[in-house]
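A look at the structure
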Amino acid sequence: QVQLAESGGGLVQAGGSLRLSCAPSGHTFSSYVMGWFRQAPGQERLFVGAISRSGGRTLYSDSVKGRFTISRDNAKNTVYLQMNSLKPEDTAVYYCAFRYGSSNSDSARAYDYWGQGTQVTVSS
């Protein structure tokens, strides 16, 4: 059975950085496209970024492009979201997810399994 565990969230000031990690278990990490999403209170779950199986292709939301970087280390069975130049509007619960499909997708409905989320709070 697939389980995803996010870590690395916390409270930071605007302009700061955090690195989130996601460690899947129960399946071979390299077999799946991985995505990051976020959800603020009272808001829809929104796409942040995705990374292909090999790590060679990435897809980002315009709101984070140039500030966030997705990477993966298949040998360590871990995917990362490096978040720089954080803004208060980045405050949300961040979720990692994977999908069985072969292409990066920005749609939450395309992803098959989700982690429990990790809170990121950015103060101004």
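For the structure given in this document, a descriptive report is provided here. All of these numbers come straight from a predicted model, not from anything done at the bench. All residue numbers here refer to positions counted from 1 along the written sequence of the relevant chain. Residue-level local features of this predicted model are given only where pLDDT is at least 70; pairs of side-chain atoms are given and counted only at 80 or more, and the full residue set underlies all totals for whole chains, interfaces and linings. In computing side-chain properties, one takes all heavy atoms of the structure into account and sets aside hydrogens as well as water.

1. A look at the overall build of the chain
The cut-off we apply is this: Helix numbering and strand numbering both begin at the N terminus, where a helix is a DSSP run of H or I of at least 4 residues and a strand a DSSP run of E of at least 2. Just to be clear, the radius of gyration here is over C-alpha atoms, and the globule rule we use is 2.2 Å times residues to the power 0.38. Residue exposure (1.4 Å probe, protein chains only): buried if accessible area is under 20% of the type maximum, exposed if over 50%, otherwise partly exposed. For this analysis, residues touch if any pair of their heavy atoms sits within 4.5 Å. Here the Shrake-Rupley method, with its probe set to 1.4 Å, supplies the accessible areas, and only the displayed protein chains count as covering residues.
When helices and strands are tallied, the chain shows zero helices and 11 strands. Moving toward the C terminus, one meets the helices and strands of the chain in the order β-β-β-β-β-β-β-β-β-β-β. Since a compact globule built from 124 residues should have a radius of gyration of about 14 Å, the 13 Å found for the chain is in line with a globular shape. For the chain, the C-alpha atoms occupy an extent of roughly 40 × 30 × 25 Å along the three principal directions. Relative to its full complement of 124 residues, the chain shows a buried share of 43%. Within the chain, counting contacts between residues at least 6 apart in sequence, those at least 24 apart form 58% of the total. Of the roughly 6300 Å² that the chain leaves accessible, carbon and sulfur atoms contribute 44%.

2. Section: the packing of aromatic side chains
Note the threshold: Stacked, tilted and edge-to-face pairs are distinguished by plane angle, under 30 degrees for stacked and over 60 for edge-to-face with tilted covering the rest, among Phe, Tyr and Trp rings (Trp via its six-membered ring) whose centres lie within 6.5 Å.
A complete count under the given rule lists nine aromatic pairs for this structure. Between Phe-98 and Tyr-113, the ring centres sit 5.1 Å apart and the planes meet at 20°, which makes this aromatic pair stacked. Here Phe-98, found in strand S9 (residues 92-99), pairs with Tyr-113, found in strand S10 (residues 113-114); they are 15 residues apart in sequence, far enough to count as distant. In this structure Phe-98 comes out as buried when scored by relative accessible area, which is 1%.

3. Overview of unusual backbone geometry
The phi angle at Asn-77 is positive, at roughly 55°, despite the residue not being glycine. The residue Asn-77 is located in the loop between strand S7 (68-73) and strand S8 (78-83) in this model. For Asn-77, a relative accessible area of 23% corresponds to the partly exposed category.

4. Some thoughts on the pattern of salt bridges
Put simply, the rule is: Should a side-chain nitrogen of Lys or Arg be within 4 Å of a carboxyl oxygen of Asp or Glu, the pair is scored as a salt bridge.
Scanning all chains against the criterion turns up three salt bridges. A salt bridge links Lys-65 to Asp-62, with the shortest nitrogen-to-oxygen separation between them at 3.2 Å. Judged by its relative accessible area of 52%, Lys-65 falls in the exposed class. Residue Asp-62 is classed as exposed on the basis of its relative accessible area of 67%. Arg-67 is the partner of Asp-90 in a salt bridge, and the nearest nitrogen-oxygen pair spans 2.8 Å. Placement of the pair is Asp-90 in the loop between S8 and S9 and Arg-67 in the loop between strand S6 (58-60) and S7, with a sequence separation of 23 residues. One salt-bridge network, held together by shared partners, links Arg-38, Arg-67 and Asp-90.

5. Description of the pairing of strand S1 (residues 3-7)
Note the following rule: Any two strands with at least two DSSP bridges between them are considered paired.
Going residue by residue along S1, you find Leu-4 and Glu-6 tucked away on one face and Gln-3, Ala-5 and Ser-7 left uncovered on the opposite face. For S1 and strand S3 (residues 18-25), the ladder comprises five bridges, and the chain directions are antiparallel. Following the sheet pairing, Ser-7 is matched in S3 by Ser-21.

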